[in-house]
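Below, each chain spelled out in residue letters.
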Amino acid sequence: MTIKVEQVSRPLGGELEVPGDKSIGHRAVIMGSVARGETRIDNMSAGADNSSTVAAFRRMGVQFRREAGTLCIEGGGWDALQAPPEVIDCGNSGTTMRLLTGLLAGRPFDTRLDGDDSLRTRPMKRVIDPLTRMGAEVTGQDGRAPLEIRGKALRGIEYVSPVASAQVKSAVLLAGLQARGETCLEEPYRSRDHTEIMARGFGASIESAGRKVVVKGGQELSGTRLRVPGDISSAAFLAVAAATIPGSDVSILSVGCNPTRSGVIEVLRAMGADIEMTRTWDEAGEPVADFRVRGGVLQGTEVQPELAPRTIDEYPVLFVAAALAEGPTLFRDVGELRFKESDRIAAMHLELSKMGVKMEVRGDDVTVEGAGELESASVESHGDHRVAMALAVAGLSTRGGIALSNEECVKVSFPGFFESLGKIGG
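Enquirer: Any chance you could break down empty space enclosed by the protein for me, citing the residues and the numbers?
Expert: Under the counting rule described, the total for this entry stands at four cavities of 30 Å³ or more. Estimated volume of the largest cavity: approximately 60 Å³. Taken together, Ile 232, Ala 235, Ala 236, Ala 239, Ile 252, Val 255, Val 264, Ile 265, Phe 291 and Val 293 form the lining of the largest cavity. Every element with two or more residues in the lining of the largest cavity is listed here: helix H7 (232–243), strand S15 (249–256), helix H8 (263–270) and strand S17 (286–294).

Quick look at the structure:
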């Protein structure tokens, strides 16, 4: 399908909420499925990625039901999981595949994980290597899906990860909860810590200090009730839309603002964006806030490499913010973008160039020259939900608007994105 995004004729305004955080939702379903007792999850995203995780555990015998807006899980503990009768389809969700690989490596049965064409291109060796050191037996196709997992008794290890990746860390921690002894993982930069927070909410003991996390094996989890905060990665698109259109005034309510995820806010503020937290509180151990974003003129900046793990999903829309700013913006060490649902560096480079943006790639560094108002173009999402939403935001500031093809991929994380954009004046 193709959708037309018109240039706005007046500032954006209004208030709205975004879907429940996709990353937190995955972890809530995973831990609720292996905990003892009932888990009740409020504000669970209906996006395709979270649905893939729910479907995976259904295939392993876990019972789910819906009560109004609450997802209820009947957990029977680690040992209640059953060998799935068929291949588990992870869809487009790398989080589903990588975290399940860690969890299932320690279960006493065999599993096969697969996904769509995009997921089959994404690197899994980064998860397979530490799990193999723990005694797991995981094989893939040249380090990629489909994956064959033969469940084994695992042992704790000390592991220094070459990449700062919450998915790698989480896979190792889920294996470590089942392993004999203690597991310690250290990262080059601190990645998002939703797994540690979620595990503690289910009664696990996990110690973390800076870039290092330690977990003891043999731990049982207990069912709980929690509410998933709004997804900051989804809110980022609306925040950039408001911040780049002078005179805009948009409030985004109940958004998770975990400091290991809030790099996008720091970058936008460094560019001069007016972003205010008007109310703050905690939900399920996660900090939450209402954000008020007022539009103005942004300035180019330099984004340091340590921000990459905390901002990785938001770079496509930050490229758009940079394109609409005054002066160049340098994004350092963003090579991990090449291994997402698409090569997001190549995809954004190609599509923004159609709109008159100069974008230079040197190794893992990307420089975007501020172009001000953009040129009308027909652009393509590359089947990547983040690319699609970023280009739609760009379309709001494009003379003559844009025609965006293959836009339905936004359902992966934000099914109501275009409706939300329309609600605030897009």
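Enquirer: Pulling in residues and values, what's your account of H7?
Expert: Among the twelve residues that make up H7, twelve are buried, leaving the element largely enclosed by the rest of the structure. Within the span of H7, buried status applies to Ile 232, Ser 233, Ser 234, Ala 235, Ala 236, Phe 237, Leu 238, Ala 239, Val 240, Ala 241, Ala 242 and Ala 243.

Enquirer: Mind laying out the packing of helix H10 (residues 315–323) against helix H12 (residues 385–395), listing which residues take part and the relevant values?
Expert: Packing of H10 against H12 brings their axes to within 8 Å, and their N-to-C directions diverge by 20°. Here H10 lies roughly parallel to H12, going by the angle between them. Here H10 runs over H12; the crossing is right-handed. The segment H10 lies against H12, with Pro 316, Val 317 and Val 320 engaging Arg 386, Ala 390, Val 393 and Ala 394. A breakdown of the residues in the contact of H10 with H12 according to their chemical character gives six nonpolar, no polar and one charged.

Enquirer: Describe the sheet that holds strand S2 (residues 13–17), naming the residues involved and giving the relevant values.
Expert: Taken in spatial order, the four strands make up an open sheet running S2-S15-S17-S16, and their pairing is mixed. The open sheet terminates on both sides in strands that have one partner only, identified here as S2 and strand S16 (274–283). Geometrically, the sheet is characterised by an average inter-axis angle of 15° between neighbouring strands, direction not taken into account. Relative to S17, S15 is paired through six bridges, and the arrangement is antiparallel.

Enquirer: Break down the packing of aromatic side chains for me, with residues and values.
Expert: Per the stated rule, a full pass over the model turns up six aromatic pairs. Centre to centre, the rings of Tyr 315 and Phe 331 are 5.8 Å apart; their planes meet at 90°, and the pair counts as edge-to-face. Placement of Tyr 315 in helix H10 and of Phe 331 in strand S19 (residues 328–331) is noted, with a sequence separation of 16 residues between them. The pair Tyr 315 / Phe 331 is uniform in exposure class, with both members buried. Here Phe 414 and Phe 417 contribute two aromatic rings whose centre-to-centre distance is 5.6 Å and whose plane-to-plane angle is 70°, an arrangement assigned as edge-to-face. Neither residue differs from the other here; Phe 414 and Phe 417 are each classed as buried. Taken together, the ring pairs in this structure connect Phe 237, Phe 414, Phe 417 and Phe 418 into an aromatic cluster.

Enquirer: Tell me about the pairing of strand S22 (residues 374–380), and please be specific about residues and values.
Expert: Both S22 and strand S23 (residues 398–405) contribute to a ladder of six bridges, which runs parallel. In the sheet register, Glu 380 faces S23, and the bridge partner there is Ser 405.

Enquirer: Report on the packing of H7 against H12, specifying residues and quantitative values.
Expert: Between H7 and H12, whose axes approach to 9 Å, the crossing angle comes to 15°. Relative to H12, H7 is oriented roughly parallel. Crossing hand, H7 versus H12: right-handed. Of the residues in H12, those in contact with Ser 233, Ser 234, Phe 237, Val 240 and Ala 241 of H7 are Arg 386, Met 389, Ala 390 and Val 393. The residue makeup of the contact of H7 with H12, split by class, is six nonpolar, two polar and one charged.

Rules of the game
Residues numbered from 1 in each chain as written. Predicted model: local features only at pLDDT ≥ 70, side-chain atom pairs only at ≥ 80, totals over all residues. Heavy atoms only, no water. 1 Å grid on protein atoms, 1.4 Å probe; cavity = no way out; pocket = protein on both sides within 12 Å on 5 of 7 lines; lining within 4 Å. Points joined across faces, edges and corners; volume = space filled by probe spheres on them. Helix = DSSP H or I, 4+ residues; strand = E, 2+ residues; numbered from the N terminus. Buried < 20%, exposed > 50% of the residue type's maximum accessible area, 1.4 Å probe, protein only. Axes fitted to C-alpha atoms, helices over the stretch in contact; angles between N-to-C directions. Parallel < 35°, antiparallel > 145°, perpendicular 65-115°, else oblique. Left-handed = near helix turned anticlockwise from the far one by under 90°. Contact = heavy atoms within 4.5 Å. Nonpolar A, V, L, I, M, F, W, Y, C, P; charged D, E, K, R; others polar. Pairing = 2+ DSSP bridges. Phe/Tyr/Trp six-rings, centres within 6.5 Å; stacked < 30°, edge-to-face > 60°.

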